[in-house]
Amino acid sequence: MNIKKTKQLILDSLKKKETCFKDLIDKIGEQKKAIEDKDEVRVLEIIKEKNTIIEIFHNHEGEVNARQQSLPPEEIQSLEQEGETLKASLERLLETIIRMEEECETEIGIKMKEVEKRIFGLQKGKKIGKGYGGFLKNRPLISRKV
């Protein structure tokens, strides 16, 4: 295959990876909104959609790696110089994805702690209720002295 064509295919695959990152950022935004709305079903759907996007990303990454192997070292350096702006863009997008995922993780952790507190409160109330419930259950409904 022509070296110039191979380099162009690699750059095209890198642009597709950039598109995958942008799609992933959109999905994470949707996920964050679903977490705020406490819509667990939607969060799970979004996670499946994100996994599909990640699979597509890995396919593009495999293409880049396979094509890169066929290039001589001097062409790889030339390709690095051509793709410098694309590399910077991919790094910024990746940092954004990581930051957004960490925010989602933190928010989910906060929501889980709230649920934990409610469960603990219910368990505590149940124990207190049992203390009073045993006394009331042992009393007959109709007095036998009558």
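Residues numbered from 1 in each chain as written. Predicted model: local features only at pLDDT ≥ 70, side-chain atom pairs only at ≥ 80, totals over all residues. Heavy atoms only, no water.

Draft legend 1. The environment of leucine 24, seen in detail. Within the secondary structure, leucine 24 sits in helix α1 (residues 3–36). Along the sequence, leucine 24 and isoleucine 46 sit 22 residues apart, while their C-alpha atoms lie 9.9 Å from each other. (Helix = DSSP H or I, 4+ residues; strand = E, 2+ residues; numbered from the N terminus.)

Draft legend 2. Fine view of the packing of α1 against helix α3 (residues 73–82). Orientation of α1 relative to α3, taken along the N-to-C sense of each, is 40°, at an axis distance of 11 Å. On the basis of the axis angle, α1 is oblique to α3. Both α1 and α3 take part in a crossing whose hand is right-handed. Two secondary-structure elements touch here, α1 through Ile3, Lys7, Ile10 and Leu11 and α3 through Glu75, Ser78, Leu79 and Glu82. When its residues are assigned to classes, the contact of α1 with α3 shows 4 nonpolar, 1 polar and 3 charged. (Axes fitted to C-alpha atoms, helices over the stretch in contact; angles between N-to-C directions. Parallel < 35°, antiparallel > 145°, perpendicular 65-115°, else oblique. Left-handed = near helix turned anticlockwise from the far one by under 90°. Contact = heavy atoms within 4.5 Å. Nonpolar A, V, L, I, M, F, W, Y, C, P; charged D, E, K, R; others polar.)

Draft legend 3. Just the pattern of salt bridges, in detail. If you walk through the whole model with that rule in mind, you get 12 salt bridges. Residue arginine 42 is joined to glutamate 49 by a salt bridge in which the shortest nitrogen-to-oxygen separation is 3.6 Å. By relative accessible area, which is 24% here, arginine 42 ends up partly exposed. As a salt-bridge pair, lysine 50 and glutamate 101 come within 2.5 Å of each other at their nearest N and O atoms. Highlighted residues: lysine 50 in helix α2 (residues 40–69) and glutamate 101 in helix α4 (residues 84–138), separated in sequence by 51 residues. (Salt bridge = Lys/Arg side-chain N within 4 Å of Asp/Glu carboxyl O. Buried < 20%, exposed > 50% of the residue type's maximum accessible area, 1.4 Å probe, protein only.)

Draft legend 4. Fine view of the layout of surface pockets. Put simply, the largest pocket is a space of about 480 Å³. If you go around the largest pocket, you meet 19 residues; those closest to its centre are Leu14, Lys17, Val64, Lys87 and Leu90. Tallied by class, residues from the lining of the largest pocket come to 10 nonpolar, 3 polar and 6 charged. Volume-wise, the second largest pocket comes out at about 220 Å³. Lining the second largest pocket, in full, are Ala34, Ile35, Lys38, Asp39, Glu40, Val43, Ile108, Lys111, Met112, Glu114, Val115 and Arg118. Mapped onto the lining of the second largest pocket, the elements with two or more residues apiece are α1, α2 and α4. Per-element tally for the lining of the second largest pocket: the top contributor is α4, with 6 residues. Per-class residue counts for the lining of the second largest pocket are 6 nonpolar, no polar and 6 charged. (1 Å grid on protein atoms, 1.4 Å probe; cavity = no way out; pocket = protein on both sides within 12 Å on 5 of 7 lines; lining within 4 Å. Points joined across faces, edges and corners; volume = space filled by probe spheres on them.)

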